[in-house]
Amino acid sequence: MQVGIDIETISRFNNFIDDFNKLNKIYTKNEQCYVNQFSDKLTHLAGLFCAKEAVVKALKVGFGKFISPIDVEILHKEDGSVFVNRENTKLLTILKNRDLDVSISHSQNIATAICIVF
């Protein structure tokens, strides 16, 4: 079992809202659609980013030449719980036959996420 965790201040994502180039490098279209449902978009951008970071930390790869934030797509079930889209071939190559679980939490100023790979 491997664990990854990330924590970010939500205000760090202020410059993402108007920078479509930055948004498109980090967040998939599905993630952007999810975020756009909320008035507090920054909270959700931060939470998704934390989840992506937690995943690569748990996989012990980090973002770089082989995998980028856009390759780790965080989706939501109807009940609000999150999961990682396993359709990306780069991610599947790293995961192999392992599974993972992700959870996101946030307060007024902080977002955090944890990922467990088993």
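Structure report, in brief.

Further remarks concern the overall build of the chain. When its secondary structure is counted, the chain shows four helices and five strands. Listed by position from the N terminus, the elements making up the chain come as β-α-α-α-β-β-α-β-β. A compact globule built from 118 residues would reach a C-alpha radius of gyration of about 13 Å, and the chain, at 13 Å, matches this within 12%. If one aligns the C-alpha atoms of the chain with their principal axes, the spans along those axes are about 40 × 25 × 25 Å. In the chain, which comprises 118 residues, the proportion classed as buried is 41%. The contacts of the chain with a sequence gap of at least 6 include a subset with a gap of at least 24, amounting to 56%. As displayed, the chain offers around 6,700 Å² of accessible surface, 53% of which is attributable to carbon and sulfur atoms. Here the chain carries 14 positive and 14 negative side-chain charges, and the mean point of each set is 8 Å from the other.

On to the pattern of salt bridges, then. When charged atoms on two side chains of opposite charge get close, those side chains can pair. Counted under the stated rule, the structure contains five salt bridges. Two residues, K57 and D6, come together in a salt bridge whose shortest N-O distance is 3.0 Å. You can see K57 sitting in helix 3 (residues 41–58) and its partner D6 sitting in strand 1 (residues 2–9), a full 51 residues away along the chain. Here K57 falls in the partly exposed class, since its relative accessible area comes to 36%. Judged by relative accessible area, D6 falls into the buried class, the value being 7%.

Structurally, the position occupied by I5 is in strand 1. For I5, a relative accessible area of 52% translates into the label exposed. Along the primary structure I5 and C115 are separated by 110 residues, whereas in three dimensions their C-alpha atoms are 6.3 Å apart.

A separate point is the environment of K57. A C-alpha to C-alpha distance of 21 Å links K57 and T43, two positions 14 residues apart in sequence. For K57, the contacting residues outside a window of four places in its chain are V3, G4, I5 and D6. For K57, the side chain forms a polar contact with the side chain of D6, separated by 3.0 Å.

Conventions and cut-offs
- Residues numbered from 1 in each chain as written.
- Predicted model: local features only at pLDDT ≥ 70, side-chain atom pairs only at ≥ 80, totals over all residues.
- Heavy atoms only, no water.
- Helix = DSSP H or I, 4+ residues; strand = E, 2+ residues; numbered from the N terminus.
- Rg over C-alpha atoms; globule rule 2.2 N^0.38 Å.
- Buried < 20%, exposed > 50% of the residue type's maximum accessible area, 1.4 Å probe, protein only.
- Contact = heavy atoms within 4.5 Å.
- Areas by Shrake-Rupley, 256 points an atom, 1.4 Å probe, with all protein chains shown as cover.
- Lys, Arg positive; Asp, Glu negative; His and termini not counted.
- Charge placed at Lys NZ, Arg CZ, Asp CG, Glu CD.
- Salt bridge = Lys/Arg side-chain N within 4 Å of Asp/Glu carboxyl O.
- Polar contact = N/O pair within 3.5 Å; in protein donor to acceptor, adjacent residues only side chain to side chain.

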